[in-house]
Amino acid sequence: MFRKNEWHFDWSEFMTGIIFLIVAYCLFNQPGKTLSGLVIVIAIAAIIRGIAKISAYSRLCQETGMRATLMLVDAIVDVILGILFILNIPAGVAALGYIFAFWFLFDSIVALLNVGHLKQFNTGLYIVSMILNILGVIVGILLLMDPVVTAVTMVTLVGFYFAFFGINAIIIAFARRL
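Below: a short report on this structure. Computed from a prediction, not measured in an experiment: that's the story for all the values here. (Residues numbered from 1 in each chain as written. Predicted model: local features only at pLDDT ≥ 70, side-chain atom pairs only at ≥ 80, totals over all residues. Heavy atoms only, no water.)

**Description of the overall build of the protein**
- What the protein contains, in helices and strands, is seven helices and zero strands.
- Taken from N to C terminus, the helices and strands of the protein fall in the order α-α-α-α-α-α-α.
- Expressed as a percentage of the 178 residues in the protein, the buried residues total 46%.
- Considering only residue pairs separated by 6 or more positions, the protein has 85% of its internal contacts joining residues 24 or more positions apart.
- About 8600 Å² of surface is accessible on the protein, with carbon and sulfur atoms providing 76% of the total. (Helix = DSSP H or I, 4+ residues; strand = E, 2+ residues; numbered from the N terminus. Buried < 20%, exposed > 50% of the residue type's maximum accessible area, 1.4 Å probe, protein only. Contact = heavy atoms within 4.5 Å. Areas by Shrake-Rupley, 256 points an atom, 1.4 Å probe, with all protein chains shown as cover.)

**So, the packing of aromatic side chains**
- In total, this model carries eleven aromatic pairs according to the counting rule given.
- Centroid distance Phe-9 to Trp-11: 4.7 Å. Interplanar angle 70 degrees. Geometry classified as edge-to-face.
- In this structure Phe-9 comes out as buried when scored by relative accessible area, which is 18%.
- Between Tyr-161 and Phe-162, the ring centres sit 5.2 Å apart and the planes meet at 80 degrees, which makes this aromatic pair edge-to-face.
- Given the relative accessible area of 0%, Tyr-161 is considered buried.
- For Phe-162, a relative accessible area of 0% corresponds to the buried category.
- Pairwise contacts between aromatic rings join Phe-9, Trp-11, Phe-14 and Phe-174 into one cluster. (Phe/Tyr/Trp six-rings, centres within 6.5 Å; stacked < 30°, edge-to-face > 60°.)

**A few points about helix H5 (residues 123–145)**
- Taking 1.5 Å per residue as the helical rise, H5 with its 23 residues ought to reach 33 Å, and the 33 Å between its terminal C-alpha atoms agrees with that figure.
- By the N-cap criterion, in which a side-chain oxygen at the helix start approaches the backbone nitrogen of a residue two or three places on, H5 is capped by Asn-122, the distance to Gly-124 being 2.8 Å. (Expected span 1.5 Å × (residues − 1). Polar contact = N/O pair within 3.5 Å; in protein donor to acceptor, adjacent residues only side chain to side chain.)

**Observations regarding the nonpolar core**
- Counting residues in hydrophobic clusters, the biggest one holds 30 residues, and the most contacted among them are Leu-38, Ile-42, Phe-100, Val-158 and Phe-162.
- For this core, the secondary structure elements donating two or more residues are helix H1 (11–29), helix H2 (35–64), helix H3 (67–87), helix H4 (89–114), H5 and helix H7 (154–175).
- Per element, the largest residue contribution to this core is nine residues, and it comes from H7.
- Apart from residues lying up to four places away in sequence, Ile-42 is in contact with Phe-85, Phe-100, Trp-103, Val-158 and Phe-162.
- One finds Phe-121, Tyr-126, Ile-172 and Ala-175 within the second-largest nonpolar core, a separate group that totals six residues. (Core = buried A, V, L, I, M, F, W, Y, C linked by side-chain atoms within 4.5 Å.)

**Here we look at empty space enclosed by the protein**
- Scanning the entire structure with this criterion turns up one cavity of 30 Å³ or more.
- Taken as a whole, the largest cavity encloses approximately 220 Å³ of empty space.
- Forming the boundary of the largest cavity are 21 residues, of which Glu-13, Arg-49, Met-71, Ala-111 and Ile-172 lie nearest the centre.
- Within the residue set of the lining of the largest cavity, elements represented by two or more residues are H2, H3, H4, H5 and H7.
- When the residues that make up the lining of the largest cavity are grouped by side-chain class, the tally is ten nonpolar, five polar and six charged. (1 Å grid on protein atoms, 1.4 Å probe; cavity = no way out; pocket = protein on both sides within 12 Å on 5 of 7 lines; lining within 4 Å. Points joined across faces, edges and corners; volume = space filled by probe spheres on them. Nonpolar A, V, L, I, M, F, W, Y, C, P; charged D, E, K, R; others polar.)

**Quick notes on the environment of Asp-10**
- Along the chain, Asp-10 turns up in the segment before H1.
- For Asp-10, a relative accessible area of 12% gives the class buried.
- In this structure, the C-alpha to C-alpha distance between Asp-10 and Ile-171, residues 161 residues apart in sequence, is 9.9 Å.
- Setting aside chain neighbours within four positions, we find Asp-10 in contact with Ala-173 and Arg-176.
- In terms of polar contacts, Asp-10 uses its side chain to reach the side chain of Ser-12, at 2.8 Å.
- At a separation of 3.2 Å, a polar atom in the side chain of Asp-10 contacts the main-chain amide nitrogen of Glu-13.

These results come straight from atomic positions and should not be treated as a statement about function.
Now the structure itself:
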């Protein structure tokens, strides 16, 4: 079903993972920064992530079919959210708690639906990716339960988001090479 030899090291996933890990490090290292700065960083990261997912769409579509269409929708949502955050920072700050909750959930669910193709490369990496995406769903649900607490602890939660998806993107980049 899957053609292992047609995949190569995925540089766009790798670069996305590195950028997400750098963003996570900065968020953990300097939690006192304002939410406005966070909105700008998140907007840029969302645009980059959306572009990376769009670039992988045709390849993933060949492997997973219609499930890849969900990833394309997810990528477009990422780019649109990024642009909206940059254009209206105060609105981004006000809506951050809810937007992140839904973003966590949607990204994690879409990734869970598309993670099956990693089995062909390495079962261990597939399992790690599954665990990270399940954790993303759990964090998304927790964020929806109390958006006020989400706003207060946003920097740490966002740092974990970027760390989870950064590690996951790097795993996918290497798994496609194996």
